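Overview (structure and organization)
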Amino acid sequence: MAAPSTTEGNHLPTQKVVCENKPDASLVDKILNLLSGDETEQAARASSYRYLVASSSSTEDRDQHAKAMIERYVIVEQKLNKNKSPDEWESAVCTKIRRTLEYRVENQVDDIRLCFDKEKQSDDGSVHARLREGLAKRFSTQASIIRGYTKEGQAMFQNFPRADTSWDEEFYIKGNIYMTERALASTERRTNGEQDKVVIFYDYKNYAMKNSPPTMLVKQLMSAFRDHWPERMEHAFVVDAPLIFRAFWAIIKYFIDPVTKELVQFITGEEQKKIFRDMISEDQAAPWMFDGGKDDKEADITAFLYDTPFDHVYDGNN
């Protein structure tokens with residue numbers, strides 16, 4: 001099966017890149033000027049899937065998306081190090097962005113984003129073929145999917161821990177990268193760049209301790225997302241977690257940085273799920289999100305991976 005093309009036309013569409021609580025523009029410009037042309041290009045590609053797949057783009061487009069990435073790093077640096085000077089923020093952000101660009105190359109992030117594209121599926125011996133095989137195996141249990149949008153247009157990264165009982169270290173990390181990048185791409189397309197964050201859900205119904213990944217693997221994942229995907233998550237909801245999960249949470253919460261930890265919220269029962277009604281329309285919500293959620297068809301993970309464009313969520317109505 002071949003994934004439909006996600007490119008709309010041959011050129012990069014005009015979009016508005018928004019980063020909430022924008023830092024001082026002069027600081028962002030200074031950091032941009034410290035990056036090489038190649039680093040700026042890599043930052044733009046990391047920041048925007050639409051930019052990555054566009055056949056042509058302007059220097060203005062490139063700088064716009066690179067600045068959006070810089071802004072996210074500056075925001076976190078200012079939150080964590082309020083007492084430091086702008087010069088110290090500048091130095092720290094430059095170092096962290098360069099580390100992220102290296103990480104993305106070493107971990108094949110752009111290949112992960114593109115591996116299910118129809119143009120990549122003809123070469124069975126390619127790096128993309130290996131990634132497809134590993135990701136398809138990782139998600140064969142349907143433990144994760146990008147499905148539905150919030151009312152603000154943010155893609156929803158849905159996870160079902162009960163589906164997992166074994167974990168391949170490489171594709172546990174790369175699987176989370178794939179789904180996160182896919183949610184970001186879907187949010188970007190849906191909102192034309194107005195939103196740049198995703199909402200993550202963990203449905204803990206029928207969870208048992210056998211469904212808990214090794215703590216060191218969780219630590220590795222949390223460190224990677226702390227360092228390389230800052231300011232990309234709007235909320236993380238832990239839904240209907242049983243008491244047994246609290247023991248696991250008591251361990252892994254120490255691996256989560258303070259900025260991210262503030263975004264994690266435990267939701268149990270219909271009374272607390274009222275918060276979801278304000279965020280999600282009934283046609284986009286699963287029944288486990290709240291009574292009346294209508295997105296209830298079983299997902300076809302093969303169709304999602306191979307047939308659904310990377311920057312689209314899974315549509316259960318098709």
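Residues numbered from 1 in each chain as written. Predicted model: local features only at pLDDT ≥ 70, side-chain atom pairs only at ≥ 80, totals over all residues. Heavy atoms only, no water.

1. Here's the deal with helix H5 (residues 86–106)
The end-to-end C-alpha distance of H5, which contains 21 residues, comes to 30 Å, matching closely the 30 Å that a straight helix rising 1.5 Å per residue would cover. Buried within H5 we find Trp 89, Glu 90, Ala 92, Val 93, Cys 94, Ile 97, Thr 100, Leu 101, Tyr 103 and Arg 104. Buried residues belonging to H5 abut helix H1 (25–34), helix H2 (37–47), helix H4 (59–80), helix H6 (109–114), helix H8 (169–191) and helix H9 (215–228). Note on H5: the residue one or two positions beyond its end, Gln 108, has a positive phi of about 60°. (Helix = DSSP H or I, 4+ residues; strand = E, 2+ residues; numbered from the N terminus. Expected span 1.5 Å × (residues − 1). Buried < 20%, exposed > 50% of the residue type's maximum accessible area, 1.4 Å probe, protein only. Contact = heavy atoms within 4.5 Å.)

2. What to know about the pairing of strand E1 (residues 144–149)
With six of six residues buried, E1 lies mostly within the body of the structure. Connecting the antiparallel pair E1 and strand E2 (residues 155–159) is a turn made up of five residues, with Gly 153 showing a positive phi of about 90°. (Pairing = 2+ DSSP bridges.)

3. Examining the sheet that holds strand E5 (residues 264–267)
An order of E1-E2-E3-E4-E5 is seen for the five strands of this open sheet, with the pairing classed as mixed. Each edge of the sheet is formed by a strand with only one pairing partner; in this case those strands are E1 and E5. Across the sheet, the mean angle from the axis of one strand to that of its neighbour is 25°, orientation sign disregarded. Note: strand E4 (residues 233–239) against E5, four bridges, orientation parallel. The residue bridging Ala 236 from the neighbouring strand is Val 264, located in E5. Seen against the sheet, H8 touches E1, E2 and strand E3 (198–203) and runs at an angle of roughly 15° to E1. (Axes fitted to C-alpha atoms, helices over the stretch in contact; angles between N-to-C directions.)

4. Structural notes on the pattern of salt bridges
Within this structure, the stated rule accounts for 23 salt bridges. Among the ionic pairs, Asp 87 bridges to Lys 30, the shortest N-O distance being 3.8 Å. With Asp 87 in helix H5 and Lys 30 in helix H1, this residue pair connects regions lying 57 residues apart in the sequence. Residue Asp 87 is classed as exposed on the basis of its relative accessible area of 51%. According to the relative accessible area criterion, Lys 30 is partly exposed, its value standing at 42%. In this structure, Lys 30 and Glu 90 form a salt bridge, with 3.1 Å as the shortest nitrogen-oxygen distance. Taken together, the positions of Lys 30 in helix H1 and Glu 90 in helix H5 put the pair 60 residues apart, joining distant regions of the chain. A single network of salt bridges, built from pairs that share partners, joins Arg 104, Asp 110, Arg 113 and Glu 181. (Salt bridge = Lys/Arg side-chain N within 4 Å of Asp/Glu carboxyl O.)

5. Side note on the packing of aromatic side chains
Across all of its chains, the model carries 21 aromatic pairs by this definition. Both rings, one in Phe 237 and one in Phe 276, keep their centres 4.9 Å apart while their planes meet at 80°; by these two values the pair is edge-to-face. Of this pair, Phe 237 sits in strand E4 while Phe 276 sits in helix H13 (residues 274–279), and the two are 39 residues apart along the sequence. When the centroid spacing of 6.1 Å and the interplanar angle of 45° are considered together, the rings of Phe 245 and Phe 266 count as tilted. (Phe/Tyr/Trp six-rings, centres within 6.5 Å; stacked < 30°, edge-to-face > 60°.)

6. Here's the deal with the environment of Arg 45
Note on placement: Arg 45 falls in helix H2. Look at Arg 45 and you get partly exposed, because its relative accessible area is 34%. Note: C-alpha distance between Arg 45 and Ala 66 (21 residues apart in sequence) is 8.0 Å. Once residues lying within four places of it in the same chain are set aside, the contact partners of Arg 45 are Tyr 51, Leu 52, Asp 110 and Arg 113.

This is a description of form; function is not addressed.
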